Structures are given as C-alpha cells and as structure tokens.
Amino acid sequence: MFESITRNLGDALGSIARGRLTESNIRDGMGKVRQALLEADVNYDVAKAFTQRVTEQAVGEKVLKALRPAEQIVGIVYQELVSLMGPVDHSLAIRRGELSVIMMCGLQGAGKTTTCGKLARMLKEQGNKPMLVAADLQRPAAIEQLRVIGEQIGVPVYWEEAARSNPVQVCVNARKEARAHDCNVLILDTAGRLHVDDALMKELMEVDNKLMPDQALLVCDAMTGQDAVNSAKVFNDALELDGVILTKLDGDTRGGAALSVKAVTGVPIKFIGVGEQLDRLEKFHPDRMAQRILG
Ligand code: GDP
C-alpha cells in the first residue's frame, strides 16, 4: 500500500540521512507528504496544519530509530487522515411515523438536484416514504429536472409555478402535502448559484428558519477542490450544517476535498456520489478515502 509516497519519502529521508535519522530529516521528509496531499487537491492551509501535526507525532514516536522510517511515517499519516475524516456517520435522523425534513444546499452544478434524487431513492429502498420538493426557483430547468427524477424513482415531487411562488412558501405547502400523504421524509432541493452570495444565503436561512430541518446537508463537488472548501465554510457559518455529501468521486479526483471540507466545517461527510445515475450514492468511509488520497 502507498508504494509511491513511501518510496518518495524513503528517497527523501535516505538522501539526507547518513546513518541515523534526525528530527530535522523528518521535517524535511514531511515536505513530501505535504506535496502528496496538495497533489490530491487538499487545501494548502489544511495540508500545512496536517503535516505539522503529523511531524509532532512522528518525532515523538520511535520513527527516529525505526528500520523503515518512511513506512512508519506513512502509517502515521494514514491513521491521522482516517481519524480526521472520521468518525463514520451515515445517520440522517429519520423518524418513522413522523415527518423528517432534509434540506439540501450547494452551489449550482455541484450535483444537488441529482443527489436529492439519489437520497430519495435510497430512503425509499430502506422502507421510507419520501417526497421531493422543488424549492429551487432560480434555475428554471430545476423544477422539471426534479420532476423527471421523481418519475424515474417513483417518488412524488411537490412543485409550484416559479413565477407565482417563493421558496419558503413552496416548502411550507410541501410539508402540508407530505403530511396529508403520510410521507415521512421531505427532501428540499433548494436554490444554488454559481458563487455564494448574500441573496442566496438569505433565501436559504429563511427556509432554514421556517422549516427547521432535521438535517441540513451540503452537496459539494469533489472536483472543484479549493472552491468546495470556501463554499463549505460559508454554508456552514450560515446554516450550521449536519453533514456533507461529496459528489463526482467517480472521476479521477484523488479526493483531497474530503479532508479539506471536513477540516473547515467539522461536520461529517455522510455519503459520496460516484456517478450520474440515481443509484450511484455510497456511504462515506474515511479509511477508503485515506487510501485514495495517498494513492
Ligand atoms: P445542481 O445544479 O447542483 O442541482 O446539479 P445537478 O444535479 O443538475 O448536477 C450537475 C451535473 O453533475 C449533472 O450533469 C449531473 O448528472 C452531474 N452529477 C451529479 N452528481 C454526480 C456524480 O456523483 N458523478 C458524476 N460523474 N456526475 C454527477
């Protein structure tokens, strides 16, 4: 496992250390680790803080006397990645016999509408009765997109004419409709924009205050790296997120966004999107992501 980073680190440590490793050799070798994290798209500040913490641990351990110091350091890096991206948390706070509300938010194009469908499909398979709500009145095609998705997975979609309504009203009306139809999960597909702005946040906070969702989940595109981190911070400050769903991990992205987003928000990454199809949603596992980041 992790042959390439171990080799890199081994080269770095080997070339600087004649005989015995020193603390400063380790600090230099940690530069290789930081480079590997940056190549995996981890945010710079997050990578820096991470390697500092690992350096302290590595120096404190028996790495200096180890026969294979590079492997030992990579082991510490791996464990630290797993622990920072954990603990495992796939809960969605769904109650039976009562209506739970899940508010989905994210930047336009992140995969929010698709992920609403994926989540509804998964919950339905688990025996729940979900309803989707087209609360994105900004993007005209979003309502139609959600209706098509609902049709595909056999889940009802609540929607109103965008010109004649507003997002809060749509959500409030949807809640009544869901109760009338004995649904136990309401999934709100809220508006996204290309960039976070005050108007978007105000709209989301209004929906949040009025509906008091049981879960506020951020949908983040893992391929956007730095953008994902910046937007996650803004959304979390405004909405107190309960979790994140990282999308587009089926591409060749190394998944560094998972570490960065968890580090800046502190909220768990619950699921990952691994394809455009509606069954391409998986539970997030920190250990698998740590392996992917280290390559
Ligand atoms: P929204 O603007 O955030 O609602 O984004 P959409 O749900 O419309 O998705 C934007 C694009 O990303 C669409 O082409 C989706 O099919 C695609 N998409 C969403 N999730 C994934 C994923 O996990 N993997 C891949 N490859 N594409 C995805």
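In the nomenclature of an unreviewed UniProt entry, the chain is known as Signal recognition particle protein of Planctomicrobium piriforme. The UniProt entry for the chain carries the following comment under Function (unreviewed entry): "Involved in targeting and insertion of nascent membrane proteins into the cytoplasmic membrane. Binds to the hydrophobic signal sequence of the ribosome-nascent chain (RNC) as it emerges from the ribosomes. The SRP-RNC complex is then targeted to the cytoplasmic membrane where it interacts with the SRP receptor FtsY." Turning to the chain, the UniProt record has this under Catalytic activity (unreviewed entry): "GTP + H2O = GDP + phosphate + H(+)".

(A) Broad picture of the packing of helix H5 (residues 112-125) against helix H6 (residues 140-153). Their axes nearest at 10 Å, the elements H5 and H6 cross at an angle of 25°. Taken together, the axes of H5 and H6 are roughly parallel relative to one another. H5 and H6 meet at a crossing whose hand is right-handed. Contact residues: Thr 113, Thr 114, Cys 116, Gly 117, Ala 120, Arg 121 and Lys 124 in H5; Ala 142, Gln 145, Leu 146, Ile 149 and Ile 153 in H6. By residue class, the composition of the contact of H5 with H6 is 6 nonpolar, 4 polar and 2 charged.

(B) View of the sheet that holds strand E5 (residues 215-221). As summarised here, the arrangement of the 8 strands in space is E3-E2-E4-E1-E5-E6-E7-E8, forming an open sheet in which the pairing is mixed. In the strand order of this sheet, the two ends are held by strand E3 (157-158) and strand E8 (281-283), each with one partner. Note that strand E1 (residues 100-106) and E5 share 5 bridges and pair parallel. The residue of E5 that forms the bridge with Ile 102 is Gln 215. The sheet contacts of helix H7 (residues 167-180) involve strand E2 (130-135), E3 and strand E4 (185-190), and relative to E2 the element is tilted by about 160°.

(C) Main features of the pairing of strand E7 (residues 269-273). With 5 of its 5 residues buried, E7 lies for the most part within the structure. Pairing of strand E6 (residues 243-247) with E7 involves 3 bridges; the strand directions are parallel. The residue of E7 that forms the bridge with Val 244 is Ile 269. Viewed along the sheet, the connection from E6 through helix H10 (residues 256-265) into E7 turns out right-handed. Across 3 bridges, E7 lies against E8 in antiparallel orientation. Across the sheet, Gly 273 pairs through a bridge with Leu 281, a residue of E8.

(D) View of H7. Here H7 spans 20 Å end to end across 14 residues, near enough to the 20 Å set by a 1.5 Å rise per residue. Taken together, the buried positions of H7 are occupied by Pro 167, Val 168, Val 170, Cys 171, Val 172, Asn 173, Ala 174, Arg 175 and Ala 178. Buried positions along H7 lie against E2, E3, E4 and helix H8 (198-211). The backbone nitrogen of Val 168 lies 3.1 Å from a side-chain oxygen of the residue at the head of H7, namely Asn 166. In the stretch just after H7, Asp 182 is the one whose phi turns positive, near 60°.

(E) Representation of the site of the ligand within the structure. Around the ligand, 17 residues are found, and the nearest of them are Gly 109, Lys 112, Thr 114, Asp 250 and Glu 276. Lys 118 places a side-chain nitrogen or oxygen 3.3 Å from an oxygen atom of the ligand. Taking Gln 145, its side chain carries an N or O atom lying 2.9 Å from an oxygen atom of the ligand. It is H5 that contributes the most residues to the shell around the ligand, 4 residues altogether. Across the shell around the ligand, the residue classes break down as 3 nonpolar, 8 polar and 6 charged.

(F) Main features of the state of the cysteines. Under the definition given, this model contains 0 disulfides. Free cysteine Cys 105: the closest other cysteine sulfur is in Cys 220, separated by 9.1 Å. Accessibility expressed as a relative area gives 0% for Cys 105, which makes it buried. Here Cys 171 stays unpaired: no disulfide links it, and the sulfur of Cys 116, its closest cysteine neighbor, is 11 Å away. By relative accessible area, which is 0% here, Cys 171 ends up buried.

(G) How the structure looks around the pattern of salt bridges. Applying the stated criterion to the full structure yields 12 salt bridges. Put simply, Arg 193 and Asp 197 hold a salt bridge, and the shortest N to O gap is 3.0 Å. Taking relative accessible area as the criterion, Asp 197 reaches 30% and is therefore assigned partly exposed. One salt bridge connects Glu 203 with Arg 193, and the closest N-O pair in it is separated by 3.9 Å. With Glu 203 in helix H8 and Arg 193 in the loop between E4 and H8, this pair connects stretches of sequence that are 10 residues apart. Exposure remark for Arg 193: the relative accessible area of 16% places this residue in the buried category.

What counts as what
Within each chain, residues carry numbers counting from 1 in the order of the written sequence. It should be noted that, the model being predicted, local features are given only for residues of pLDDT at least 70 and side-chain atom pairs only at 80 or more, the latter also being counted only at that level, while totals for whole chains, interfaces and linings use all residues. Only heavy atoms go into the side-chain values, all of them from the structure, while hydrogens and water stay out. UniProt positions are given in the numbering used here, feature names are shortened, and annotations may be inferred rather than shown by experiment. Axes, fitted as lines to C-alpha atoms, cover a helix only where it is in contact. Angles between the N-to-C directions of the axes lie from 0 to 180 degrees. Per the convention used, a helix needs a DSSP run of H or I reaching at least four residues, while a strand needs a run of E reaching at least two, with both numbered from the N terminus. Reported orientations rely on four angle classes, namely roughly parallel under 35 degrees, roughly antiparallel over 145, roughly perpendicular from 65 to 115, and oblique for the rest. Handedness of a helix crossing follows the sense of rotation of the near helix relative to the far helix, less than a right angle counterclockwise being left-handed and clockwise being right-handed. It only takes one pair of heavy atoms within 4.5 Å for two residues to be counted as in contact. Nonpolar residues are Ala, Val, Leu, Ile, Met, Phe, Trp, Tyr, Cys and Pro. Charged residues are Asp, Glu, Lys and Arg, and all others, Gly as well, are polar. One requirement defines pairing of two strands: DSSP has to find at least two bridges between them. Categorising residues by exposure relies on relative accessible area from a 1.4 Å probe, with only protein chains included: less than 20% of the type maximum marks a residue as buried, more than 50% marks it as exposed, and the intermediate range marks it as partly exposed. A clockwise course of the path from the first strand over the helix to the second, judged with the strands pointing away from the viewer, identifies a crossover as right-handed. A helix's residues, less one, multiplied by 1.5 Å, set its expected span. Polar contacts, as counted here, are pairs of nitrogen or oxygen atoms within 3.5 Å of one another; within protein the pair requires one atom able to donate a hydrogen and one able to accept it, and residues that are adjacent in sequence qualify only if both atoms are side-chain atoms. We call a residue near a molecule or strand when any one of its heavy atoms sits within 4 Å of it. Count a disulfide wherever a pair of cysteine sulfur atoms falls within 2.5 Å. Salt bridges are counted wherever a side-chain nitrogen of Lys or Arg sits within 4 Å of a carboxyl oxygen of Asp or Glu.

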